[in-house]
Amino acid sequence: MSQMSSTNPLLVGIVSAVTAVVVLKYINDGTRYTTDEQDSRDFVNQLGPWAFISGAKRGGKQIAPLGPQIIGRLADGLCGSNDALLSRLPQGEMGTACWSVLLSVVRPQEPTSPGATPRTNDTTSWPQISLQPLTNYDSQLCVNISRATLMTLFAITNARPIFTYTSAAGYRSAYPSYCGQWSISWPIGKPCVVRLSPHDSHDAKTDMYPPAFAARIDKCVEMLAGIITDGKEWKIAFPGRAKCKGNWKLQERKKGFGGAHGSRHLYNMQGGKVFEVDLLVLVPCDPLDGVLHLQIPCLGGKNYMASLFVQDHEAALLAKALDHLPWSSLSWSLHRGMRDVLLAYGKSVMNRYRAEVAALLRVEVEISEDALVKKGWAPEFVKGPMAEMAASAFLSGGGNSGDLVRVAVAAAECLLERHVVLGSFDLDKTKFWVQKEPEMEAIQFSKSFSDRQLSFDDLGMVVALTKFFVLEWSQELDYQLYHELPVDILLA
C-alpha cells in the first residue's frame, strides 16, 4: 500500500528526474524499444503524480515502474471503496495516461447516506491503493484490468454505446460517458487496449455545476445487471428484451436467476451470488383477459413492440421494484430489459403527477438558491435558467443529458433537506408504487408553496417519481459486452 500526498515543486522536479532515469532503464533493459531523454520525459508525463512511486531494484535487478492496481466489482467496490465521487472533468494533478485520468474523475469518499451532499476529497488521488508493475505497450505505461472491472467502470461513468466496428483487422468501439470518452481497440494478434479521454467540450472555468457528486459502485453494477434489491434478502432480476413481436406473459421464478442466460454471467463475474436472486421471465402466451396489458420494445427493429400481460402477483413485484429503485444523482447505464418493463408499468402513473412535480421543482430552485450555491452550483446559473431546466427535464419524459438529471435531482434533494427528511429518510425505499392506484391529491404548486408543509406521503411521492425520472433518462448498455473482449485488457 502507498500514500499519495502533495509536496513542494522542487521535490516534484527531483523525483521526476529520478523517475525518468528509472523508467529509461526499465525500457532499455526490459523491452524491445529504444528511447532517448525526450522519451523518458514522455513516460514521466504519463505517470503524473504517480511518478512519486518509482521503480525499484529487487535482487539487484531493475523492476518495472509501479502503478495502481485497479479492480472494480460489485463485491469489492472500486479499489476497495464502494462510495465514490464522480467528476465530469479531471480534478487536480494527473498524468497523460488514461488510468491517471480515470483516477482523477473517479475518487473515493467516506460512505454517506443516499442524497447527502458529498464531502469533497482534498487530495486528487486515491490515498491508499494496491500497486502493481505497469506494462509497457507501444510506448505507453498501461494498467492490466479484467473484463469485470471494465464493465464496472462503464457503469460508474454512465457509458453508452455509440460506435462499434469489427472486421478482419480487429475490433473497435467508442462509448461516450459523463466522465469522458471511452474507446476500445483490439487489433488482430495484439492486446486489447482501452482508453479514457477527458471531455474536450467542457471547461472548468465555465462549468456551472458542482465539481463532484456521489455514486455507489454496487448500485451502478446492479442496475447494469438488471437486479433490484431491498437491501436485505429480497433480490429480483429482470428478463432481457422480448425476442420478437407477439404476446408474452411476465412470470416469477423463485431463486431462478442461476438458470438464466442474460446478465447472470456478468453478475457472477462481479462476485454476486446468483442463487440468492429471484427471476422474472417472459413466457409466450395467448392474449389474457382481465390482467394488466402493456406494450414493450422487442428485438427486430427500432419501433417493434410486443404485448406484455402482467398478472396481479407479478404486478405487485414490479411495484415493489420501483419502490426500491436506488437513489442517484446521475442517469444509469442500464439493463434494457429492466428499463423496458419498468417504464411500461410506471409511465401512466408518472404522467398523472408529472406536471405537479415539475412545478414543485421549479419553485424549489427559487426557494433554495442559497442552499444550491453552497453546494457548488454557480450563482448566476441558480438565479438564471436552473429552475426552468429542472421543470423542463421532468416534463420531457426522457432524454440524454446527465447534466439535466443532476439539475432535477439537486432540486429534489433541496426540497427534502428543507423539510428535514434527507438523512432520516431512506431514499432507496418508498411506499408509493405498492399502492394499486395512488390516490394522493394533486396540488397546484406556486410560490406560496413555501408557506405550507408537505406531508410525509407528499415527500415519498417526490422521491419515488424522481427515481422514476432518472430511470426515464437512463441509457441502455449491453450487459454482455464483455463477450466481445479478451480476459486480459490493458488500460492505457
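All values derive from a computational prediction rather than experimental measurement.

Asks: Where do I start with the overall build of the protein chain in this structure?
Replies: When its secondary structure is counted, the protein chain shows 13 helices and 26 strands. When contacts within the protein chain are restricted to residue pairs at least 6 apart in sequence, those whose partners lie at least 24 apart make up 74%. Accessible area for the protein chain stands at about 21300 Å²; split by element, carbon and sulfur atoms hold 52% of it.

Asks: Would you take a moment to explain the pattern of salt bridges for this structure?
Replies: One side chain can pair with another of opposite charge once the charged atoms of both are near each other. If you walk through the whole model with that rule in mind, you get 18 salt bridges. Here R418 and E364 are joined by a salt bridge, their closest N and O atoms 2.8 Å apart. Placement of R418 in helix α12 (residues 402-418) and of E364 in helix α8 (residues 336-367) is noted, with a sequence separation of 54 residues between them. Its relative accessible area of 31% is what places R418 among the partly exposed residues. Residue class for E364 comes out buried when judged on its relative accessible area of 0%. One continuous salt-bridge network, built from bridges that share partners, spans E252, K254, K255 and D278.

Asks: Would you take a moment to explain helix α3 (residues 98-105) for this structure?
Replies: Because an α-helix completes one turn every 3.6 residues, residues spaced three or four positions apart along the sequence face the same direction. Counted residue by residue, α3 has eight buried out of eight residues, so it is predominantly covered. Within the sequence span of α3, burial applies to C98, W99, S100, V101, L102, L103, S104 and V105.

Asks: Hey, could you run me through the nonpolar core in this one?
Replies: The tendency in soluble globular proteins is for nonpolar side chains to be buried side by side. Counting 146 residues, the largest nonpolar core has I70, W182, F238 and L342 as the members making the most contacts within it. Setting aside residues up to four positions removed in sequence, F238 forms contacts with G226, I228, L280, L318, A321, H335, M338, V341 and L342.

Asks: Which parts of the structure should I look at to understand the packing of aromatic side chains?
Replies: The geometry of an aromatic ring pair is captured by two quantities: the separation of the ring centres and the angle between the planes. Counting across every chain of the model gives 14 aromatic pairs. Relative to W99, the ring of W50 lies with its centre 6.0 Å away and its plane at 70°, an arrangement referred to as edge-to-face. Within this pair, whereas W50 is found in the loop between α2 (37-47) and β2 (57-58), its partner W99 is found in helix α3, the two being separated by 49 residues in sequence. On the basis of relative accessible area, W50 is assigned to the buried category, the value being 2%. Overall, W99 belongs to the buried group, its relative accessible area being 0%. Taken together, a centroid distance of 5.5 Å and an interplanar angle of 35° make the contact between W433 and F468 tilted. Taken as a pair, W433 in the loop between α12 and α13 (456-472) and F468 in helix α13 lie far apart in primary sequence, 35 residues in all. With respect to class, W433 is no different from F468; both count as buried. One aromatic cluster is present, built from ring pairs that chain together Y353, F432, W433 and F468. Taking the ring centre of Y304 as reference, the NZ or CZ of K245 above it sits at 4.2 Å.

Asks: Help me understand the packing of α8 against helix α11 (residues 386-396) in this model?
Replies: Two quantities define a packed helix pair, namely the angle between the axes and the distance from one axis to the other. Where α8 meets α11, the closest approach of the two axes is 8 Å, and the angle between their N-to-C directions is 170°. With respect to α11, the axis of α8 lies roughly antiparallel. When α8 is examined against α11, the residues M350, R354, A355, V357, A358, L361, R362, V365 and E366 are found in contact with a partner set consisting of M386, A387, E388, A390, A391, F394 and L395. Across the contact of α8 with α11, the residue classes break down as twelve nonpolar, no polar and four charged.

Asks: Looking at this structure, I do not really get the sheet that holds strand β18 (residues 227-229). What am I missing?
Replies: Either a parallel or an antiparallel arrangement is found when strands of a sheet pair, and the pairing is made through backbone hydrogen bonds. The mixed open sheet is built from six strands, whose spatial order is β18-β19-β21-β20-β23-β22. Taken across any chain shown, the strands that pair with only one partner, and hence form the sheet edges, are β18 and β22 (292-297). The sheet shows a mean angle of 30° between the axes of neighbouring strands, direction not considered. Pairing geometry for β18 and strand β19 (residues 235-237), over three bridges, is antiparallel. From the neighbouring strand, I227 faces β19, where its bridge partner is A237. Packing of α8 onto the sheet brings it into contact with β18, β20 (247-253), β22 and β23 (305-310), and relative to β22 it is tilted by some 140°.

Asks: What is the right way to look at the packing of helix α7 (residues 312-323) against α8 in this model?
Replies: Across the interface, α7 lies against α8 with an axial gap of 10 Å and an inter-helix angle of 95°. Compared by their axis directions, α7 and α8 come out roughly perpendicular. Note on element contacts: α8 touches α7 through V341, L342, Y345 and G346, opposite A315, L318, A319, A321 and L322. Classifying every residue of the contact of α7 with α8 by side-chain character gives eight nonpolar, one polar and no charged.

Asks: Can you walk me through the sheet that holds strand β7 (residues 83-86) in this structure?
Replies: Read from one edge of the open sheet, three strands run β8-β7-β17, paired in antiparallel fashion. If you trace the sheet from one side to the other, it starts and ends with β8 (106-108) and β17 (213-216), each paired once. On average, adjacent strands in this sheet sit at an angle of 40° to one another, irrespective of strand direction. Pairing between β7 and β8: three bridges, direction antiparallel. Bridging from a neighbouring strand, L86 pairs with V106 of β8. The strands that α3 touches are β7 and β8; relative to β8, the one it contacts most, it runs at about 55°.

Asks: Explain a nonpolar patch on the surface here, please?
Replies: A cluster of nonpolar side chains, namely I162, F163 and Y165, defines an oily patch on the protein surface of about 300 Å² accessible area. Mapped onto the secondary structure, Y165 falls in strand β13 (residues 163-167). Accessibility expressed as a relative area gives 40% for Y165, which makes it partly exposed.

Asks: Looking at this structure, how should I read the confidence of the model for the protein chain?
Replies: Segments scoring low in pLDDT should not have their predicted coordinates read at a detailed level. Per-residue confidence for the protein chain averages 86 on the pLDDT scale, and 83% of its residues sit at or above 70. Here residues 1-35 is modelled with pLDDT under 50, and outside its nearest four sequence neighbours on either side it reaches 57 contacts, counting other chains as well. Under a pLDDT of 50 for its full length, residues 120-124 has, in the predicted model, eleven contacts with residues more than four places off or in other chains.

Conventions we followed
Residues numbered from 1 in each chain as written. Predicted model: local features only at pLDDT ≥ 70, side-chain atom pairs only at ≥ 80, totals over all residues. Heavy atoms only, no water. Helix = DSSP H or I, 4+ residues; strand = E, 2+ residues; numbered from the N terminus. Contact = heavy atoms within 4.5 Å. Areas by Shrake-Rupley, 256 points an atom, 1.4 Å probe, with all protein chains shown as cover. Salt bridge = Lys/Arg side-chain N within 4 Å of Asp/Glu carboxyl O. Buried < 20%, exposed > 50% of the residue type's maximum accessible area, 1.4 Å probe, protein only. Core = buried A, V, L, I, M, F, W, Y, C linked by side-chain atoms within 4.5 Å. Phe/Tyr/Trp six-rings, centres within 6.5 Å; stacked < 30°, edge-to-face > 60°. Lys NZ or Arg CZ within 6 Å of the ring centre and 35° of its normal. Axes fitted to C-alpha atoms, helices over the stretch in contact; angles between N-to-C directions. Parallel < 35°, antiparallel > 145°, perpendicular 65-115°, else oblique. Nonpolar A, V, L, I, M, F, W, Y, C, P; charged D, E, K, R; others polar. Pairing = 2+ DSSP bridges. Patch = residues over 30% accessible without salt bridge, like charges linked within 9 Å, V, L, I, M, F, W, Y side chains within 5 Å. pLDDT = per-residue confidence, 0-100.

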